[in-house]
Amino acid sequence: MTERASLLDHIKAKAIIHERVVLSSGRTADYYIDLRRITLDGAAAPLVGRQMLDLTRDLEYDAVGGLTLGADPLATSMLHAAVSEGRQLDAFVVRKEEKRHGLQRRIEGPDVTGRRVLAVEDTSTTGASVLTAVEALREAGAEVVAVAVLADRDTGARQNVEAAGLPYRFVYGLADLGLGSH
């Protein structure tokens, strides 16, 4: 079994919840994809990092991250996977709003100013969360090269990210997850 297939099995078994939910976009759905059950899972997280690196192997970037909380474990998995390949890759966290004490930083971790970065998200519906991160990264002087997500819900994220002038990539779509096109 390939690592991609193995990770897909983890997602189907642990992260797809079939019940009526309200998504961050305000839309309702008959299922929820809770990828934190995967990105924080000791067996699945290493697979996540390697699949995300494979997805973006042709891109040049030296830091990865996105809006807290969904992007944090994903970026960390990628950092560790890169190290295992002998590659240096930094991770960063974009806060939802600027911190009001201490250094008052919106982006935590190594400085992203002047660096080529990849914005990531675990699951994307409309792309609003990752585009919030992209805006903060651009304001901080980073060059965002693309957006990459683990699972795409096929409900507008691609169109919105591409309208912002960025390539959009995902590892799994709804068909891969056995969810059709809801």
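Residues numbered from 1 in each chain as written. Predicted model: local features only at pLDDT ≥ 70, side-chain atom pairs only at ≥ 80, totals over all residues. Heavy atoms only, no water.

Caption draft 1: Seen up close, the overall build of the chain. When its secondary structure is counted, the chain shows six helices and 10 strands. Scaling as 2.2 N^0.38, a compact globule of 182 residues should have a C-alpha radius of gyration of about 16 Å, and the chain matches this with 16 Å. In terms of principal-axis extent, the alpha carbons of the chain reach across some 40 × 40 × 30 Å. Of all 182 residues assigned to the chain, the portion counted as buried reaches 50%. About 8600 Å² of surface is accessible on the chain, with carbon and sulfur atoms providing 49% of the total. The centroid of the 22 positive side-chain charges in the chain is displaced by 2 Å from the centroid of its 26 negative side-chain charges. (Helix = DSSP H or I, 4+ residues; strand = E, 2+ residues; numbered from the N terminus. Rg over C-alpha atoms; globule rule 2.2 N^0.38 Å. Buried < 20%, exposed > 50% of the residue type's maximum accessible area, 1.4 Å probe, protein only. Areas by Shrake-Rupley, 256 points an atom, 1.4 Å probe, with all protein chains shown as cover. Lys, Arg positive; Asp, Glu negative; His and termini not counted. Charge placed at Lys NZ, Arg CZ, Asp CG, Glu CD.)

Caption draft 2: Fine view of the pairing of strand β6 (residues 90-94). Counting buried residues in β6 gives four out of five residues, a clear majority hidden from the surface. The sheet contact formed by strand β5 (residues 63-67) and β6 spans five bridges and is parallel. Counterpart to Ala-63 in the pairing with β6 is Asp-90. (Pairing = 2+ DSSP bridges.)

Caption draft 3: Here's a closer look at helix α5 (residues 128-139). Here α5 contains 12 residues, and its C-alpha end-to-end distance of 16 Å stays within 8% of the 16 Å for a straight helix at 1.5 Å per residue. Along α5, the positions that sit buried rather than exposed are Val-130, Leu-131, Ala-133, Val-134, Ala-136 and Leu-137. For α5, the elements touching its buried residues are β5, β6, β7 (107-108), β8 (116-124), β9 (143-152) and α6 (157-163). Among the residues trailing α5, Gly-141 stands out with phi positive, at a value near 90°. (Expected span 1.5 Å × (residues − 1). Contact = heavy atoms within 4.5 Å.)

Caption draft 4: Fine view of the layout of surface pockets. Empty space within the largest pocket amounts to approximately 470 Å³. Around the largest pocket, the lining comprises 28 residues; the ones closest to its centre are Ser-24, Glu-121, Asp-122, Thr-123 and Ser-129. Residue assignment for the lining of the largest pocket shows that the elements contributing at least two residues are β4 (32-33), β5, β8 and α5. At five residues, β8 tops the list of elements feeding residues into the lining of the largest pocket. Roughly 170 Å³ of internal volume is contained in the second largest pocket. Considering the residues around the second largest pocket, the lining is formed by Glu-98, Arg-105, Arg-106, Ile-107, Asp-111, Val-112, Thr-113, Ala-136, Glu-139 and Ala-140. Of the residues contributing to the lining of the second largest pocket, the split by class is four nonpolar, one polar and five charged. (1 Å grid on protein atoms, 1.4 Å probe; cavity = no way out; pocket = protein on both sides within 12 Å on 5 of 7 lines; lining within 4 Å. Points joined across faces, edges and corners; volume = space filled by probe spheres on them. Nonpolar A, V, L, I, M, F, W, Y, C, P; charged D, E, K, R; others polar.)

Caption draft 5: Summary view of the packing of helix α3 (residues 45-55) against helix α4 (residues 71-84). In the contact formed by α3 and α4, the axes pass within 7 Å of each other and the chain directions differ by 80°. Comparing the axis directions of α3 and α4 gives the class roughly perpendicular. Across the interface between the two elements, Ala-45, Val-48, Gly-49, Arg-50, Met-52 and Leu-53 of α3 pack against Leu-74, Ser-77, Met-78, Ala-81 and Ala-82 of α4. The residue makeup of the contact of α3 with α4, split by class, is eight nonpolar, two polar and one charged. (Axes fitted to C-alpha atoms, helices over the stretch in contact; angles between N-to-C directions. Parallel < 35°, antiparallel > 145°, perpendicular 65-115°, else oblique.)

Caption draft 6: Expanded view of the packing of aromatic side chains. Under the criterion given, the structure shown has one aromatic pair. When the centroid spacing of 6.2 Å and the interplanar angle of 50° are considered together, the rings of Tyr-168 and Phe-170 count as tilted. The ring of Tyr-61 has Arg-87 sitting right over it, with the charged end atom 4.8 Å from the ring centre. (Phe/Tyr/Trp six-rings, centres within 6.5 Å; stacked < 30°, edge-to-face > 60°. Lys NZ or Arg CZ within 6 Å of the ring centre and 35° of its normal.)

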